[in-house]
Amino acid sequence: MTVASEETPSEEAPWSAWIDWSVARFGASLRLACSLSVEDTLLVDALAESAARRGLARSHAPQVFVLDTGRLHEESYRVLASLRERYDLTFDVRAPATRSLEDLVRNRGPLSFYDSVEARRECCGIRKVEPLARALDGASAWMTGQRRAQAVTRTSLLPLERDDAHRGIAKVNPLALVTDEALWAEAERRSVVIHPLHRQGYPSIGCAPCTRAVAPGEDARAGRWWWEDPAHKECGLHVARSNPQTGGKPT
Ligand code: SF4
């Protein structure tokens, strides 16, 4: 699929230009992956605003999906409830396949993710990666709140990528170049829903047993899978990407 076109914003364009372009280009076939972190509640707010400005009914507006791994913090469910109450958008909640989850816990126990990188990836595969594929079924594009500033694994992130793991659909990362300061200034200006754990030292929100608070100045993703090498710290949701602006050369 060709994801870039003449009207595609430049890499340096303001993040809001990517929101407007995505809503205009993909409409209801755009899906936002919402982890319930501040990046994603900001994107929910911006997508809702852009859709309302265009007069799009809920059925024609982008959809938001949440991967409910079954291991989220209680606070995350409260954030989801607040978003549902506040925005006229579709919130699609995806759970792991029952059979796979039952087999995982029966065969490996409820805490297998602490055993090895492979065991952790197996859990992420069942609780996140497979439900993601279902959430993207029929989508032309998806959007994420990933930023370069978050982790060593994200320093080459582009605002627009082609997702080769999911049929080559467009993957839009509007906040790719946004700094921590700019992110929080915009979130406060818009009074978006803020996950309470951010104020308790959690810059990144994930599953409860695999996420902890970080010390001031520590890497934003240091609290995710803290027992692993930083180079391994991705859950499998963000792989196999390429740059549509350079003929699909791997990034
Ligand atoms: S973050 Fe932890 S609990 Fe959540 S899916 Fe991955 S390994 Fe499993």
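Residues numbered from 1 in each chain as written. Predicted model: local features only at pLDDT ≥ 70, side-chain atom pairs only at ≥ 80, totals over all residues.

S.K.: Go over the environment of C34 with me, naming the residues and quoting the values.
M.R.: Secondary-structure assignment places C34 in the loop between strand 1 (30-33) and helix 2 (38-53). On the basis of neighbour count, C34 is assigned to the buried category, with 25 C-beta atoms found within 10 Å. Once the C-alpha coordinates of C34 and D92 are considered, the two residues, 58 residues apart in sequence, prove to be 9.9 Å apart. When sequence neighbours within four positions are dropped, the list of residues in contact with C34 reads D40, V44, V64, F65 and V66. (Helix = DSSP H or I, 4+ residues; strand = E, 2+ residues; numbered from the N terminus. Buried ≥ 20, exposed ≤ 12 C-beta atoms within 10 Å, placed from the backbone. Contact = placed C-beta atoms within 7 Å.)

S.K.: If you had to explain the nonpolar core to someone new, which residues and values would you point to?
M.R.: Counting residues in hydrophobic clusters, the biggest one holds 49 residues, and the most contacted among them are L32, C34, V44, L47 and A141. Sorting the residues of this core by element identifies helix 1 (15-26), strand 1, helix 2, strand 2 (63-67), helix 3 (74-86), helix 5 (117-135), strand 4 (141-143) and strand 6 (169-172) as the ones contributing at least two each. Among the elements that take part in this core, helix 2 stands out by supplying eight residues, more than any other. Within the second largest apolar cluster, nine residues are counted, among which are L72, C123, C124 and W225. (Core = buried A, V, L, I, M, F, W, Y, C linked by C-beta atoms within 7 Å.)

S.K.: Tell me about the site of the ligand, and please be specific about residues and values.
M.R.: Neighbouring the ligand are 13 residues; F113, C123, C124, C207 and C210 lie closest to it. For the shell around the ligand, the per-class residue count stands at seven nonpolar, two polar and four charged. (Near = placed C-beta within 6 Å. Nonpolar A, V, L, I, M, F, W, Y, C, P; charged D, E, K, R; others polar.)

S.K.: Any details on the packing of helix 1 against helix 2? Residues and values, ideally.
M.R.: Contact geometry for helix 1 and helix 2: axes closest at 10 Å, N-to-C directions at 55°. The pairing of helix 1 with helix 2 is recorded here as oblique in orientation. Note that helix 1 runs across helix 2; the crossing there is right-handed. Listed contacts from helix 2 to S16, I19, D20 and V23 of helix 1 are A46, L47, S50 and A51. Here the contact of helix 1 with helix 2 is composed, by residue class, of five nonpolar, two polar and one charged. (Axes fitted to C-alpha atoms, helices over the stretch in contact; angles between N-to-C directions. Parallel < 35°, antiparallel > 145°, perpendicular 65-115°, else oblique. Left-handed = near helix turned anticlockwise from the far one by under 90°.)

S.K.: Give me the lowdown on the pairing of strand 6, citing residues and values where you can.
M.R.: Looking at chain direction, strand 4 and strand 6 are connected through three bridges and run parallel. Considered in strand 6, the bridge of M143 is made with V172. Note: strand 5 (residues 160-163) against strand 6, four bridges, orientation antiparallel. Looking across to strand 6, one finds that D163 is bridged to I169. Once strand 5 ends, the chain turns through five residues before running back antiparallel as strand 6, passing R167 with a positive phi of about 60°. (Pairing = 2+ DSSP bridges.)

S.K.: Give me the pairing of strand 2: which residues, what numbers.
M.R.: The buried fraction of strand 2 amounts to four of the five residues, a majority that puts the element mostly inside the structure. Of the strand pairs in this sheet, strand 1 and strand 2 are connected by three bridges, and their pairing is parallel. Bridge assignment links A33 to a residue of strand 2, and that residue is F65. The parallel pair strand 1 and strand 2 is bridged by helix 2, and the resulting crossover is right-handed. The pairing of strand 2 with strand 3 (residues 91-94) spans four bridges and is classified as parallel. Within strand 3, the position partnered with L67 by the bridge is R94. (Right-handed = clockwise from strand over helix to strand, strands pointing away.)

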